[in-house]
Amino acid sequence: MQTIDFEDFDKIDLRVGTIVQVENFEKARKPAYKIWVDFGSDFGIKKSSAQVTALYSKEELMGRQVICVVNFKPRQIADFMSEVLITGFSDPDGNIVLSSTERQVPNGAKLH
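Small disclaimer: the values here were computed from a predicted structure and weren't measured.

Q: Tell me about the overall build of the protein, and name the residues and values.
A: Looking only at helices and strands, the protein has two helices and nine strands in total. N-terminal to C-terminal, the α/β element order of the protein is α-β-β-β-α-β-β-β-β-β-β. Taking the principal axes of the C-alpha coordinates as reference, the protein spans close to 40 × 35 × 30 Å. Here the contacts in the protein between residues at least 6 apart in sequence split such that 59% fall between residues at least 24 apart. For the protein, the exposed surface amounts to about 7500 Å²; the carbon and sulfur share of it is 50%.

Now the structure itself:
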């Protein structure tokens, strides 16, 4: 495992946001959703593509708080521009389990 300095970690801007819209992503190569996440007044609503269809329905995702990297460069995925990376962990089957907070926190709160 490579170690990093705190300054390297500090470059990654991890924020919490609430999922406010979810759509099927028909043009994605692998099953995925188009997801809109509200990061509050400082960041607004940002879009992401997430391959989480195996464990989450669209209804389960609505209103859920998730932890996202908000300072990656936007990435074109098919006809959709993904602006943030929603974080998660792989389960034993390779499905993504979303990372979230233990308790509700304000949208846009920074992970320390």
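Q: So what's going on with the pairing of strand E3 (residues 45-50)? Residues and values would help.
A: The sheet contact formed by strand E2 (residues 33-38) and E3 spans six bridges and is antiparallel. Residue pairing across strands places tryptophan 36 opposite lysine 47, the latter belonging to E3. Connecting E2 to the antiparallel partner E3 that follows it, the hairpin turn spans six residues, and glycine 40 within it adopts a positive phi of roughly 85 degrees.

Q: Before we move on, could you go through the pattern of salt bridges and cite the residues and values that matter?
A: For the coordinates displayed, the defined rule picks out five salt bridges. In this structure, the salt-bridge partner of lysine 110 is aspartate 13, at a minimum N-O distance of 3.3 Å. Of this pair, lysine 110 sits in the segment after strand E9 (96-98) while aspartate 13 sits in the loop between helix H1 (6-10) and strand E1 (14-24), and the two are 97 residues apart along the sequence. Taking relative accessible area as the criterion, lysine 110 reaches 27% and is therefore assigned partly exposed. According to the relative accessible area criterion, aspartate 13 is buried, its value standing at 14%. Two residues, aspartate 79 and lysine 27, come together in a salt bridge whose shortest N-O distance is 3.3 Å. Of this pair, aspartate 79 sits in the loop between strand E5 (75-77) and strand E6 (80-82) while lysine 27 sits in the loop between E1 and E2, and the two are 52 residues apart along the sequence. One salt-bridge network, held together by shared partners, links Asp13, Arg15 and Lys110.

Q: Give me the side chain of aspartate 91: which residues, what numbers.
A: The residue aspartate 91 is located in the loop between strand E8 (88-90) and E9 in this model. For the buried residue aspartate 91, which engages in no salt bridge, the nearest side chain bearing the opposite charge is arginine 64, 12 Å off. Separated by 2.8 Å, the side chain of aspartate 91 and the backbone nitrogen of aspartate 93 make a polar contact.

Q: Outline the sheet that holds strand E7 (residues 85-86), supporting the account with residue identities and numerical values.
A: Strand order in the open sheet formed by five strands is E3-E2-E1-E4-E7, and the pairing between neighbours is antiparallel. Sheet topology places E3 and E7 at the edges, where each strand pairs with a single neighbour. When strand E4 (residues 65-69) meets E7, the two strands line up antiparallel, connected through two bridges. Directly across from cysteine 68, in E7, lies its bridge partner isoleucine 86.

Q: Kindly report on the side chain of glutamine 65, identifying the contributing residues and their values.
A: In this structure, glutamine 65 sits in strand E4. On the accessibility criterion, glutamine 65 (7% relative accessible area) is buried. In terms of polar contacts, glutamine 65 uses its side chain to reach the backbone carbonyl oxygen of valine 105, at 2.7 Å. One polar contact links glutamine 65 to asparagine 107, side chain to side chain, over a distance of 3.2 Å. Look past the residues within four positions of glutamine 65 in its chain and what remains in contact with it is Val16, Gly17, Thr18, Ser99, Ser100, Thr101, Arg103, Gln104, Val105, Pro106 and Asn107.

Quick notes on the rules
Residues numbered from 1 in each chain as written. Predicted model: local features only at pLDDT ≥ 70, side-chain atom pairs only at ≥ 80, totals over all residues. Heavy atoms only, no water. Helix = DSSP H or I, 4+ residues; strand = E, 2+ residues; numbered from the N terminus. Contact = heavy atoms within 4.5 Å. Areas by Shrake-Rupley, 256 points an atom, 1.4 Å probe, with all protein chains shown as cover. Pairing = 2+ DSSP bridges. Salt bridge = Lys/Arg side-chain N within 4 Å of Asp/Glu carboxyl O. Buried < 20%, exposed > 50% of the residue type's maximum accessible area, 1.4 Å probe, protein only. Lys, Arg positive; Asp, Glu negative; His and termini not counted. Polar contact = N/O pair within 3.5 Å; in protein donor to acceptor, adjacent residues only side chain to side chain.

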